[in-house]
Structure formats: C-alpha cells, structure tokens
Amino acid sequence: MDKLAIQGGARLQGEIRISGAKNAALPILCAGLLTADTLRLENLPKLKDISTSLTLLGHIGMQVSLDDKNGVDLQAAHLHTLEAPYDLVKTMRASILVLGPMLARYGEARVSLPGGCAIGSRPVDLHIKGLQAMGAEIHIEHGYIHAKVTRLQGARIFMDTVTVTGTENLMMAATLANGITVLENAAREPEVTDLAHCLIAMGAQIEGVGSDTITITGVESLHGATHAIMADRIETGTYLVAAAMTQGRVKLLGTRADTLDAVLEKLREAGAQIDVEADSISLSMQGRPRAVSVKTAPYPAFPTDMQAQFMAMNCIADGVSRVTETIFENRFMHVQEMQRLGASIEIEGNTALVRGVEQLDGAVVMATDLRASASLVLAALVAEGETVIERIYHIDRGYECIEEKFSQLGARIRRVH
Ligand code: UD1
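All of the points below concern the structure found in this document. (Residues numbered from 1 in each chain as written. Predicted model: local features only at pLDDT ≥ 70, side-chain atom pairs only at ≥ 80, totals over all residues. Heavy atoms only, no water.)

1. What about the side chain of aspartate 194?
Relative to the elements of secondary structure, aspartate 194 occurs in helix H7 (residues 190-201). It turns out aspartate 194 is buried and unbridged, and the closest side chain with the opposite charge, arginine 256, is 6.6 Å from it. Within the local environment of aspartate 194, its side chain forms a polar contact with the side chain of histidine 227, the two groups lying 3.1 Å apart. In this view, aspartate 194 contacts Ala24, Ile28, His227, Ala228, Ile229 and Met230; residues no more than four positions away in its chain are not counted. (Helix = DSSP H or I, 4+ residues; strand = E, 2+ residues; numbered from the N terminus. Buried < 20%, exposed > 50% of the residue type's maximum accessible area, 1.4 Å probe, protein only. Lys, Arg positive; Asp, Glu negative; His and termini not counted. Salt bridge = Lys/Arg side-chain N within 4 Å of Asp/Glu carboxyl O. Polar contact = N/O pair within 3.5 Å; in protein donor to acceptor, adjacent residues only side chain to side chain. Contact = heavy atoms within 4.5 Å.)

2. Some words on the site of the ligand
Taken together, 19 residues lie near the ligand, and Asp125, Thr163, Thr165, Asp305 and Ile327 sit nearest. Within the side chain of asparagine 23, a nitrogen or oxygen atom sits 3.0 Å from an oxygen atom of the ligand. Compared with its free state, where it exposes 740 Å², the ligand has 88% of that area covered by protein. When contributions to the shell around the ligand are tallied by element, the ones reaching two or more residues are helix H5 (125-133) and helix H6 (164-175). Residue contributions to the shell around the ligand peak at 3 residues, all from H5. Of the residues belonging to the shell around the ligand, the class tally is 8 nonpolar, 6 polar and 5 charged. (Near = heavy atom within 4 Å. Areas by Shrake-Rupley, 256 points an atom, 1.4 Å probe, with all protein chains shown as cover. Nonpolar A, V, L, I, M, F, W, Y, C, P; charged D, E, K, R; others polar.)

3. A closer look at the pattern of salt bridges
Using the criterion set out here, one finds 24 salt bridges in the structure. A salt bridge links arginine 40 to aspartate 67; the shortest N-O distance between them is 2.9 Å. Of this pair, arginine 40 sits in strand E3 (residues 38-42) while aspartate 67 sits in the loop between strand E4 (63-66) and strand E5 (72-75); the two residues are 27 residues apart in sequence, bridging distant segments of the chain.

4. Notes on unusual backbone geometry
In this structure, proline 300 follows tyrosine 299 across a cis peptide bond, with omega equal to 15°. Positionally, proline 300 belongs in the loop between strand E18 (294-295) and helix H10 (307-315). Even without glycine at this site, asparagine 70 takes up a positive phi of about 60°. For asparagine 70, a relative accessible area of 25% translates into the label partly exposed. We note that histidine 142 has phi near 50°; this positive angle belongs to a residue other than glycine. Note that histidine 142 resides in the loop between strand E8 (137-141) and strand E9 (144-148).

5. Notes on the sheet that holds strand E16 (residues 273-277)
With mixed pairing, the 4 strands of this open sheet are ordered in space as E2-E15-E17-E16. Every interior strand has two partners, whereas the edge strands, strand E2 (13-17) and E16, have only one. Here the average twist between neighbouring strands, direction ignored, is 10°. Sheet topology places strand E15 (residues 249-253) next to strand E17 (residues 280-284); 5 bridges connect them, and they run antiparallel. Residue pairing for E17: leucine 252 is matched across the bridge by isoleucine 281. Running at roughly 20° to E17, helix H8 (residues 233-245) makes contact with E2, E15 and E17 of the sheet. Seen against the sheet, helix H9 (residues 261-269) touches E16 and E17 and runs at an angle of roughly 145° to E16. (Pairing = 2+ DSSP bridges. Axes fitted to C-alpha atoms, helices over the stretch in contact; angles between N-to-C directions.)

6. Let's talk about the packing of H8 against H10
For the pair H8 and H10, the least separation of the axes is 10 Å and the interaxial angle reads 0°. When the interaxial angle is binned, H8 and H10 end up roughly parallel. In this structure, H8 contributes Ile234, Thr238, Val241, Ala244 and Met245 to the contact, and H10 contributes Gln309, Phe310, Ala312 and Met313. Residues of the contact of H8 with H10, tallied by class, amount to 7 nonpolar, 2 polar and no charged. (Parallel < 35°, antiparallel > 145°, perpendicular 65-115°, else oblique.)

7. A look at the packing of aromatic side chains
Enumeration over the complete set of coordinates arrives at 2 aromatic pairs. Between tyrosine 239 and phenylalanine 406, the aromatic rings sit 4.6 Å apart at their centres with planes inclined by 45°, giving tilted as the arrangement. With tyrosine 239 in helix H8 and phenylalanine 406 in helix H14 (residues 402-408), this residue pair connects regions lying 167 residues apart in the sequence. Among the residues examined, tyrosine 239 registers a relative accessible area of 0% and is labelled buried. Judged by its relative accessible area of 1%, phenylalanine 406 falls in the buried class. Note on phenylalanine 302 and phenylalanine 310: the rings are 4.9 Å apart at their centroids and 90° apart in plane angle, and the pair reads as edge-to-face. Residue phenylalanine 302 is classed as buried on the basis of its relative accessible area of 5%. (Phe/Tyr/Trp six-rings, centres within 6.5 Å; stacked < 30°, edge-to-face > 60°.)

8. What to know about helix H4 (residues 99-106)
Counting buried residues in H4 gives 6 out of 8 residues, a clear majority hidden from the surface. The complete set of buried residues in H4 reads Leu99, Gly100, Pro101, Met102, Leu103 and Ala104. Those residues of H4 hidden inside the fold are in contact with helix H1 (22-31), helix H2 (48-60), strand E7 (108-112), H5, E9 and H6. Phi for glycine 107, located one or two positions after H4, is positive at around 75°.

In structure tokens, the structure reads:
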C-alpha cells in the first residue's frame, strides 16, 4: 500500500490548477443514465472515486469513452443490467446515485446498500422515502435496495435533514417523472446546483436552483448535452489552508471564490490576505495563523469537508479554538493521529477544543477517511522532521495528483510504493 513521506518546514509558494469537483462529477456521471443520447463532460478530475463510478456505470452498460483532456463521452443507450452490485458499491457511498436515474428511466433498480467513508452511520432513508413518495415500491433484502415503479409520479417531498446526495438522487429521478415534484429543505450545495445546470442542459425543467425549494416538472425524455464540471471547492480550500499554515503565498487557478465564502471568511479571520479574481484565488500569510473557531453546517455555512483541515491549522495556530461538527457523528478520527504529531486537542461530544502549539513533530500516522487524510498532510507540512502517512488510498479517492501539486508549490513530499 502506498504511503506519503513529507518533510515539514517548507513554505508553499507558486501556482497550481484546481481540478474538477469530485462531488459534482459523481452525480453528473450518473445523470448520463437519464438519456439514450451522448452526455459529454469536461473538466472531469482523475480520481479513484471517478474511476470507481465509471466502472460501475460501465458494468451497468453505459458506453464510456475518456479522452486525454479530462473529457468523457457517456452513452446509456442499452443497459446490460439494472443492478449495482455490492463489490462495486461498497468502496464508494456515492454509488447510491445510480438509484434515482435507473428507476426513473427503466422503472426498476437494484442497488447494494453503500459503504464509503467510515464517518458515521450515514443512512439513505431519505433517498428511499423520497422515491416511495413518488410511487416507487421499495424493499430491502440481502443488503440490496430493490425498487420498482411503472412511472414515477411528481410529489411534494420534505426532507427533515439536509442531504446532498439525497437531493441529487431525487432531483434526477423527478426529471422524468409524471408531473411536478417539489423538494423542500433541499441541499443548496454548489454541487447540487452544478448537477441542476447539467440536467437543464439535457432538457430538464428545474426551478429554484440553488435554493432550498427545488421544483422539477417531469418531461418524457432528456437529450444529450455538453457540460463542464465546476471547480472543486474542497480541494481549493485544502490548498488555501496549507498555504496559510506554512505562511506561504499561492495562487490557485481555475477555481471560483463564490462557492467558498465561509471558508475564505475564516481564513481572513486567521490572518490571511486573500485576493480574488474571476477564476483564481490568491492567498498570502505572514506570521503564525490565529486560532479560529468553526462549526460545520449545510451550505452556505462552513462545510464539514473542510473541518479536519481547519483543525490542522488550529493545532499550530496562536490561541485556543473550538471546532464543532454538526453533520456527521464520527468525524474526529483525525484527532488521535494529530495527537501523535504533538497536537493538543480535547474532545467533548461533537466539539474539539484545540490549543495551538508552536510546533508539531513528525511521526508515522494513518489516514482514516478522505478529508481526515488531507488534514494529516497539512499537519505534516508544518511538523518538524519527517511524517509518514499510511493508507493514503483514502486521499487518492478525492485529491488529484496530490503529491505533484504540493511539490509544485515547493513542499517536500514523495509517494512511497
Ligand atoms: C455529501 C458529500 C460529502 C459531504 C456531505 C455533507 C458527495 C458525494 N459527498 O455526502 O463529501 O461530507 O455531503 O456535506 O457529495 N442523512 C440521513 N438520511 C439520508 C441521508 C443523509 O439521515 O437518507 C444524514 C447523514 O447521516 C448526515 C446528513 O444527513 O448526518 C448529511 O448527509 P448527506 O448530505 O446525505 O451526505 P452525503 O450526500 O452522503
């Protein structure tokens, strides 16, 4: 299994290009199941989760044709099977996103209950309830969701928790339903909006995009389209925090600040100077970051996918901070590993009390989930001596060429096979 070896102490400087967003690409790939025509996607990131998703879609019968410029042509004219098997679904929770589109277009789907990051129980009950409200018959047997319907019917669906993939699954399903579907308390994450824009380009009728009430008027069929995946706001945020921690100066290209307000606000509070242009963000940091308290919540509030990275920054910041996680109940697995690097963190319920220390010490640590792993890379960049991060397959699920991008910014980082 690959490891990352990082020598701490280098200031990050320079420019890198941000990749397409994993969390936008995953639902949009599944949107390809909604039409027999070709869906062309651009700015697709090269990531393990994307290849897992393409393997699953290929298994189902989608024709997948990748080019060497981050583009892909998808065509789901004839499917081989309406089953997403456990072996393919277990490594990636987002595989549940095939359920809505397959059911809407073919009236049937069998999808294994998902696995994915070990950050809490993460049920899919709201996906299932929503599809049932649209008339689907659903039962769970031998670890599989079996869903059937003649044609989905429009419905008013209130989700009592804001769910990103739940909103995406139901929005995709509703595009081909008979009548009008209203999704209330819908997720407003930019990735949901990016999916909506792709669906609209395919002929879907969707109103309220970006708000918490999304109205979809079902149509008979969708057609092909070309769509460029939005920039990854979490990858962007991760490199910005890395630059702030190392007191560096970086420019991130091909990304947009308007999806990152809460994160940029907190970085400014920590003392960073941030300059925004239409498709780039620059950050420079002089001196040690100030400790900043954060509390995660659905968009547009502070994202749970940036919680671990801010915890890493707070570990070496000046002062004491509170990091509160309200979305997932088991998302502090990085804490133990950060403590191995010399961090001072106390957990009480869903809050971590972090006392900034002057210096972390390199050690061997273990990556546990995707964003936790990224936070360990950030901690390693400022730790004294060498840090070795084991089990980095988690990082490869969500960060394209992480060691190349950090090397380009001057970090001393290498992959050990
Ligand atoms: C997505 C993102 C993930 C991010 C998360 C929260 C993708 C592929 N992944 O995950 O990176 O951390 O949003 O921003 O886009 N819940 C239920 N019932 C459900 C569904 C969810 O109770 O049916 C709960 C979950 O347990 C969790 C909360 O809702 O507490 C939010 O989860 P959700 O937004 O669904 O996360 P994902 O869509 O899986």
